[in-house]
Amino acid sequence: MFSRDTKETAFLVAVAVLSFLAASALEAPDVVAWGLLIGIGGVGPLVRDEWRRRQDT
């Protein structure tokens, strides 16, 4: 149905959103909250894809 990559990306995005909400609820600085969101939800899947691509070669 869904590929492994899609499931892992969806998981990372969900973790990023929950981390962002938790950081906002704990009144962390905005830089920290946005860093979690972008780092886990945006950069994380890119790093994972690049790592897998290099493992295949």
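Residues numbered from 1 in each chain as written. Predicted model: local features only at pLDDT ≥ 70, side-chain atom pairs only at ≥ 80, totals over all residues. Heavy atoms only, no water.

Draft legend 1. Just the pattern of salt bridges, in detail. Summed over all chains, the structure comprises 7 salt bridges. Between glutamate 50 and arginine 54 there is a salt bridge, with the nearest N and O atoms lying 2.9 Å from each other. Of the two residues, glutamate 50 and arginine 54 are both situated in helix α2 (residues 30-56); the distance of 4 residues between them amounts to about one turn of the helix. (Salt bridge = Lys/Arg side-chain N within 4 Å of Asp/Glu carboxyl O. Helix = DSSP H or I, 4+ residues; strand = E, 2+ residues; numbered from the N terminus.)

Draft legend 2. Spotlight on unusual backbone geometry. Even without being a glycine, glutamate 27 presents a positive backbone phi close to 60°. With respect to the helices, strands and loops of the structure, glutamate 27 is situated in the loop between α1 (4-25) and α2.

Draft legend 3. Representation of the packing of α1 against α2 in the model. At their nearest, the axes of α1 and α2 sit 7 Å apart, and the two run at 160° to each other. Taken together, the axes of α1 and α2 lie roughly antiparallel to each other. Crossing angle aside, the handedness with which α1 passes α2 is right-handed. The class makeup of the residues in the contact of α1 with α2 is 13 nonpolar, 5 polar and 6 charged. (Axes fitted to C-alpha atoms, helices over the stretch in contact; angles between N-to-C directions. Parallel < 35°, antiparallel > 145°, perpendicular 65-115°, else oblique. Left-handed = near helix turned anticlockwise from the far one by under 90°. Nonpolar A, V, L, I, M, F, W, Y, C, P; charged D, E, K, R; others polar.)

Draft legend 4. Representation of a nonpolar patch on the surface within the structure. Taken together, the side chains of Val13, Val17, Leu18 and Leu21 define a hydrophobic patch exposed on the protein surface, amounting to about 340 Å² of accessible area. Within the secondary structure layout, leucine 18 lies in helix α1. For leucine 18, a relative accessible area of 58% puts it in the exposed group. (Patch = residues over 30% accessible without salt bridge, like charges linked within 9 Å, V, L, I, M, F, W, Y side chains within 5 Å. Areas by Shrake-Rupley, 256 points an atom, 1.4 Å probe, with all protein chains shown as cover. Buried < 20%, exposed > 50% of the residue type's maximum accessible area, 1.4 Å probe, protein only.)

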